[in-house]
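Reading the structure
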Amino acid sequence: MTEQNTDRTASEKAFPSATVLGYPRLGPNRELKKALESYWAGRSGAQDLEQTASGLRDYAADRIEELGLKESSAVPASYALYDQVLDTLVAVGAVPARFTDLRGENGSVDRDGAFVLARGDAARQPLEMTKWFDTNYHYLVPEIGPQTTFSAAPYELVAAVEQAAAQGRTVRPSIVGPVTFLALAKDDGTSASPIRPLDRLEDLLPVYAQILAQLRTAGAEWVQIEEPAVVADFAHVTEDELGTAIERATAYLAGQSARPQILLATPYGDAGDLLAPIARSGVEAVHVDLVRGDLDAGQLALFTADRAPALVAGIVNGRNIWRTELDAALTRLEGLRDAGAKVSVATSTSLIHVPHTLEGEDDLDPAVRRWLAFADEKIQEVATLARGLAEGRDAVAGELRESEEAAASRREAPGVHDPEVRARAAAQTPADTQRGDAQRRRSVQAERTFGSARLPVLPTTTIGSFPQTGEVRKARADYRAGTIDRAQYEQFLRDEIARVIELQEQLGLDVLVHGEPERNDMVQYFAENFDGFEVTHNGWVQSYGSRATRPSILWGDVSRAGEGLRGDAFTVPWISFAQSRSQRPVKGMLTGPVTILAWSFVRDDQPLGETADQVALALRDEVADLEAAGIGIIQVDEPALRELLPLRRADRTAYLDWAVDAFRRSTAGAADETQIHTHLCYSEFGEVIEGVDALDADVTSIEAARSRMEVLADVRSVGFARGLGPGVWDIHSPRVPSADEIGSLLISALDHVDADLLWANPDCGLKTRGYEETKRSLENLVAATARVRERL
Ligand code: GLN
Ligand code: ZN
């Protein structure tokens, strides 16, 4: 350490005793969503957007302080308008070549330029988007090549620090660290001999040093550098390479003299062996995720040595909505402190993964509500734990008691342990996940009629939803508001279904869908029809950019709502009505157990696999009822199968075991002649293709149009000998694919898939499309398929 460095740190403040890694960004009433969308639509100006943004920064800081985190630097400045990875990209000036014209004097792009990277424009595709670790948040993927230039332009962060300073407040700016930024980036494809983004680390580090210096000048005392890459395994980077990179990066940044003190954060999992180089690097504080990760004795010693960094203990779960059991948490924290660590209390991750607050959620079952903590309530938990740690248990006795009583009421609540549901799950045998032989099913299904005829070769179908028009949304809102009654609403839905069936007949599709107008959301609809779930009014969570979802809460044992253990069928009336309107087969349409879990907040008091089995049994009842109602084709969607794939390779087999098992449990009651379909969205199939094969569905539809059928190479490599519908229409854009284009995709698919196994369908559901492009695209799909059939 240089003389100057020692002086600097000696004069700095200790890390605050309590903090959170980040706060929800959308605003309590999704103010940011509205401001962004109105700005993008040209209905409001840059100043209006800035006013909302700065208002939300103030709101967050005020709120966090009010809830008990009052120390200097306890408020994280993590206010990305669109995405924190995009903000980091802009801050380091890593603008991809195709956007170079947007660059300004600082070498990077301004706010409008950043929106073009995020959303594309007439001439350019936006940056790709993908899941942020194993959360439901999506980040924009940086594109890095040998030519990528870096330059410091952290203007959003600096502005946030200055805005706070103007009010006499010191906030803690937060940025994605250099190793994570590069590990999550992809090769930009500009070079014939591709590089790995992480190979550019040495060029990137000096830019981070400049950013740190600028933040220091702006008044930051602490900066939060997030390096969650250390909790994951990557396909293209080995653990050794990651270790070398993190050791180099943290030591380099710690070695800078002009900088704020550094909190190096490792949320979303267990940093394992990579914690040691981080803790020894010279950074002043290290955040550890104690919910997903752990600290063994050796790791704890890293925080008790002389000159050890502060241990920022991420003990309050940042990504689920259950209250923390404060007594156990406090015991844990006391243990760490008594071992000699300088302990601060924190969340395990940023709070962007949970809704703002329980306030206003008055329709929640009060018993369940008592078990919950959203972002604001979690901040209070963090503050309470810090107070208990500093002042002793007596100072927080009331909070500890209330927390214990809530936990006890949860343990004892009847719905949490339904003996009948449990007995049924316990009585399951391996035979219950086993259908008849797949080959045999195939021949039985080829011989039978679906509707009034056999399926043609290359059957055409869609994935489930038809466009959710303004009228559909209005009818749902009117029904909720009580302006129309149930009978009127249901009549509206029947009319809508009848119309969609007629349209599909006119278009000449072979296997029809009812269009899903009764579903606001493919998971929430099931949550509303199952026992064991609650749904919120305003529990929005950012998905990407201005988009948010409202996850349901799976709190208890699951079965279909209604009388008795099996409850009532709920999709059957709609599907049967649709089927009554056509001689052609209509698919039953269900959401699979893994996807229902992946897109909900799920109980944390038992293994996910057990919960998945309960959901599977409820779905199995629906499958049986659909079958009994004469529905011959039933689709069980699992678009999230890959989403829950664990970050560590070693955990993946166990995950796929229970996930595949749950899907099979939901479908294996079906007779051989019933054709089970599944639908998965993503195109990077490689990692899970064996799992997909093990689902034992008769037909699988996948997203393939964007990658121009590239994914089919994987399919052949595992000998996937099942019906397959690789999407031939990229439904993510309003563009209408021509019949020629669809025809050539089908022909290239025939290189990989036998003609009698191939289906023609779009990439995904049509919910977000308009009718104009839907009709034209499906017309082309039917015409292209007819032409390809002639050539067979
Ligand atoms: N059946 C659903 C639909 O068509 C599937 C959606 C999805 O895969 N995300 O909307
Ligand atoms: Zn899909």
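Values in this document were obtained by computation on a predicted structure and should not be read as measured data.

**Observations concerning the environment of Lys342**
Turning to its location among the elements, Lys342 is positioned in the loop between α12 (326-338) and β11 (343-347). Through-space distance from the C-alpha of Lys342 to that of Ala53 is 35 Å; in sequence the pair is 289 residues apart.

**Comments concerning the site of ligand 1**
Ligand 1 sits among 13 residues. The nearest are Ile463, Gly464, Ser465, Pro639 and Gly765. By residue class, the composition of the shell around ligand 1 is six nonpolar, four polar and three charged.

**Some points on the nonpolar core**
Of all hydrophobic cores here, the largest spans 235 residues; its most connected members are Leu86, Leu311, Ala313, Leu333, Val345, Val382 and Leu385. For this core, the element with the most residues is helix α23 (residues 608-628), which contributes eight residues. If we ignore the near neighbours within four places in the chain, the residues touching Leu333 are Ala313, Ile315, Val343, Val345, Leu385 and Leu389.

**Structural notes on the pairing of strand β18 (residues 633-637)**
Taken across its five residues, β18 has five buried, putting it largely inside the fold. Of the two faces of β18, both are covered, the one formed by Ile633, Gln635 and Asp637 as well as the one formed by Ile634 and Val636. In this structure, strand β16 (residues 588-591) lies alongside β18, joined through four bridges in parallel fashion. Within β18, the residue paired with Gly588 across the bridge is Ile634.

**A short note on helix α9 (residues 239-254)**
Think of an α-helix as turning once every 3.6 residues; residues three or four places apart then point the same way. End to end, α9 covers 22 Å across 16 residues, agreeing with the expected 22 Å (1.5 Å per residue, within 8%). Along α9, the residues classified as buried are Leu242, Ala245, Ile246, Ala249, Thr250, Leu253 and Ala254. On an axial view of α9, the arc spanned by its buried residues comes to 145 degrees, and they lie on one face. The inward-facing, buried residues of α9 contact α7 (178-183), α8 (201-218), β7 (222-226), β8 (261-266) and α10 (275-279).

**Considering the UniProt feature "binding site: 5-methyltetrahydropteroyltri-L-glutamate" (unreviewed entry) in the protein**
Annotation from UniProt places "binding site: 5-methyltetrahydropteroyltri-L-glutamate" (unreviewed entry) at Lys33, Asn136 and Trp599. Position of Lys33 among the secondary structure elements: in helix α2 (residues 31-40). Tracing the backbone shows Trp599 in the loop between α22 (593-598) and β17 (600-602).

**Regarding the sheet that holds strand β20 (residues 699-702)**
One open sheet accounts for five strands, arranged β16-β18-β19-β20-β21; its pairing is parallel. A single partner strand is all that each edge strand has here, and the edge strands are β16 and β21 (723-726). Between one strand axis and the next, the sheet turns through 20 degrees on average, direction left out of account. Where β20 lies against β21, four bridges are found, and the strand directions are parallel. Across the sheet, Val699 pairs through a bridge with Gly723, a residue of β21.

**As for the packing of helix α19 (residues 486-507) against helix α21 (residues 572-580)**
Running from amino to carboxyl end, α19 crosses α21 at an angle of 45 degrees, the nearest separation of the two axes being 9 Å. Classified by the angle their axes make, α19 and α21 are oblique. Two packed elements cross with a definite hand, and for α19 against α21 that hand is right-handed. On α21, the residues touching Arg494, Ile497 and Ile501 of α19 are Trp574, Phe577 and Ala578. Broken down by class, the residue content of the contact of α19 with α21 amounts to five nonpolar, no polar and one charged.

**Structural notes on the confidence of the model for the protein**
Summing up the model confidence of the protein, the mean pLDDT is 95 and the portion of residues at 70 or higher is 98%. Every residue in residues 1-10 is under pLDDT 50, and counting partners more than four places away or in other chains gives seven contacts. Overall fold confidence for the complex sits at a pTM of 0.95, while the interface term, ipTM, reaches 0.99.

**Digging into α8**
In this model, α8 (18 residues) spans 26 Å end to end at C-alpha, consistent with the 26 Å of a helix rising 1.5 Å per residue. Looking at α8, one finds that the buried residues are Leu201, Leu204, Val207, Tyr208, Ile211, Leu212, Gln214 and Leu215. Along the axis of α8, the buried residues cluster in a sector spanning 165 degrees; they form a single face. Projecting away from the buried face of α8 at angles above 90 degrees are the exposed residues Glu202 and Thr217. Next to the buried residues of α8 lie α4 (84-91), α6 (155-166), β5 (172-176), α7, β7 and α9. In the segment just after α8, Gly219 is the residue with positive phi, at about 115 degrees.

**Quick word on the UniProt feature "binding site: L-homocysteine" (unreviewed entry) in the protein**
Following the UniProt record, the feature "binding site: L-homocysteine" (unreviewed entry) maps to Ile463, Gly464, Ser465 and Asp637 here. In three dimensions, the annotated residues from a span of 175 residues occupy one location, with a maximal C-alpha spread of 11.8 Å. Following the sequence through the fold, Gly464 ends up in the loop between α17 (438-447) and α18 (470-481). With 24 C-beta atoms packed within 10 Å, Gly464 lands in the buried category. Relative to the elements of secondary structure, Asp637 occurs in strand β18. Residue contacts for Asp637: discarding those within four places in its chain leaves Gly464, Met522, Thr591, Gly592, Thr595, Thr678 and His679.

Reading the values: rules and limits
Every chain begins its residue count from 1, and numbering advances along the sequence as written. Working convention: letters from A go to chains and numbers from 1 go to ligands, in the order in which they are written. Side-chain atom pairs in this predicted model are given and counted only at pLDDT of 80 or more, local residue features only at pLDDT of at least 70, and totals for whole chains, interfaces and linings cover all residues. Each helix corresponds to a stretch of at least 4 residues labelled H or I by DSSP, and each strand to a stretch of at least 2 residues labelled E; elements are numbered beginning at the N terminus. In this analysis, residues qualify as near a molecule or strand once their C-beta atom, positioned from backbone atoms, comes within 6 Å of it. Residue polarity is assigned by list, with Asp, Glu, Lys and Arg as charged and Ala, Val, Leu, Ile, Met, Phe, Trp, Tyr, Cys and Pro as nonpolar; anything else, Gly included, falls into the polar class. In these notes, a nonpolar core means any group of buried Ala, Val, Leu, Ile, Met, Phe, Trp, Tyr and Cys residues linked to one another through C-beta atoms within 7 Å. Exposure criterion: with C-beta atoms placed from backbone coordinates, a residue whose C-beta has 20 or more other C-beta atoms within 10 Å is buried, one with 12 or fewer is exposed, and one in between is partly exposed. Note on contacts: residues are paired as contacts if their backbone-placed C-beta atoms lie within 7 Å. In this scheme, strands are said to pair when DSSP sees at least two bridges between them. The length a helix should cover is 1.5 Å for every residue beyond the first. Along the arc lie the directions from the helix axis toward the C-beta atoms. UniProt positions are given in the numbering used here, feature names are shortened, and annotations may be inferred rather than shown by experiment. Helix axes are fitted only over the stretch in contact, all axes being lines through C-alpha atoms; the angle between N-to-C directions runs from 0 to 180 degrees. Note that the term roughly parallel is reserved for angles under 35 degrees, roughly antiparallel for angles over 145, roughly perpendicular for angles of 65 to 115, and oblique for everything else. Each helix crossing is assigned a hand: it is left-handed if the near helix lies turned anticlockwise from the far helix by less than a right angle, otherwise right-handed if that turn is clockwise. A score between 0 and 100, pLDDT records how confident the predictor is in each residue.

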